[in-house]
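Working through the structure, step by step
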Amino acid sequence: MQHDGLSPLTSPLTTGLAPGATRVDPLQAKVDALNLRYRHHSATSVMQAALKDPQAGKLALVSSFGAESVVLLHMAAVVDRTLPVIFVDTEMLFAETLAYQQELAERLHLENVQIIRASDATIAAEDADGTLHQRDTDACCSLRKTRPLQKALRGFDGWITGRKRFQSGTRAALDFFEVEDFTGRIKVNPLAHWAPENVRDYMEENRLPRHPLVAQGYPSIGCAPCTSKVAEGQDPRSGRWRGQEKDECGIHFVNGKMVRSGETT
């Protein structure tokens, strides 16, 4: 299985087949089987299944320790406190996020939190004055988040995210398991079908601490320079990169070409 190559693993393979026939991609077939197997399961059951089902492979949980991250982190802690938890410190996060990360790791007894950053040399070469986000937010996301994350995920068969359908239109069809294009990894989204009230109820029932910025009007929290408050009734993610045609950070591949808009965690 490839982890860092760029060959289109999700494209039909036709070598050796009859004209007009396509070979089912084994990774997509695996994801389809997992979604079928767990389609009626709860988020907690999907989390447990993902960590125990051999088909899911070796997984890490990627967390921003943002507004709703505590739900997934708590579920993981209940199942396996040794699960690798990857936290990308972009070095532009709110101070409240850094403090919250330490608080949750201690409170939930997470034993394998891995804090990753872009190297000093890379930052010096590409954003020496720390103003790249003002000129090119996509390049800044790639430098400080996506590329360090992709490097950290090498060696894993997949990763667990906290994404949910209600968060934005681009996630409306999100399923529990999906193929991550061009990496050979699976993404697991245990909370995909949750509504905002499910998140709220879980936090209240388990008495979990909220990110301190939520109460100040930040329902979705990223890097400080690119995150603003959200008015009541607005899309929860409208405060991210406000005024730009961008609502995700990361890298996607479209028609075989790399583009600067992708996944957030």
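Our subject is the structure listed above.
Residues numbered from 1 in each chain as written. Predicted model: local features only at pLDDT ≥ 70, side-chain atom pairs only at ≥ 80, totals over all residues. Heavy atoms only, no water.

**Regarding the side chain of Thr161**
Here is the rule: Each helix is a run of H or I in the DSSP string that is no shorter than four residues. Each strand is a run of E no shorter than two, and both are numbered from the N terminus. Any pair of nitrogen or oxygen atoms within 3.5 Å is treated as a polar contact; in protein, a donor-acceptor pairing is required on top of that, and neighbouring residues in sequence qualify only through side-chain atoms on both sides. Any pair of residues with heavy atoms lying within 4.5 Å of one another is described as a contacting pair.
As for its position among the elements, Thr161 is in the loop between strand E4 (158-160) and strand E5 (177-180). Within the structure, the side chain of Thr161 is placed 3.2 Å from the backbone nitrogen of Arg163, a separation counted as a polar contact. Excluding residues within four positions of it along the chain, Thr161 makes contact with Leu72, Lys187, Val188, Asn189 and Pro190.

**A few points about the packing of aromatic side chains**
Selection rule: Any Phe, Tyr or Trp ring, taking Trp's six-membered ring, that has another such ring centre within 6.5 Å forms a pair; planes under 30 degrees apart are called stacked, those over 60 apart edge-to-face, and the others tilted. Under the scheme applied here, a residue whose accessible area is under 20% of the maximum for its type counts as buried, over 50% as exposed, and between as partly exposed, the area being computed with a 1.4 Å probe on protein chains only.
Applying the stated rule across the entire model yields four aromatic pairs. Geometrically, the ring pair formed by Tyr38 and Phe177 is tilted, given 6.1 Å between the ring centres and 40° between the ring planes. In this pair, Tyr38 sits in the loop between helix H1 (26-37) and helix H2 (43-52) while Phe177 sits in strand E5, placing the two residues 139 residues apart along the sequence. Measuring from ring centre to ring centre gives 5.7 Å for Trp194 and Tyr202, while their planes differ by 50°; the resulting arrangement is tilted. No difference in accessibility class separates Trp194 from Tyr202, as the two residues are buried.

**Observations concerning the pairing of strand E1 (residues 59-62)**
Note on strand geometry: in a regular strand, side chains alternate between the two faces of the sheet. Convention followed: The rule for pairing is simple: two strands pair if DSSP sees at least two bridges between them.
Residues Leu59 and Leu61 of E1 are buried on one face, and the alternating residues Ala60 and Val62, pointing to the opposite face, are buried as well. Sheet topology places E1 next to E4; three bridges connect them, and they run parallel. Among the inter-strand pairings, Ala60 is bridged to a residue of E4, identified as Trp159. Here E1 pairs with strand E2 (residues 85-88) via two bridges, running parallel.

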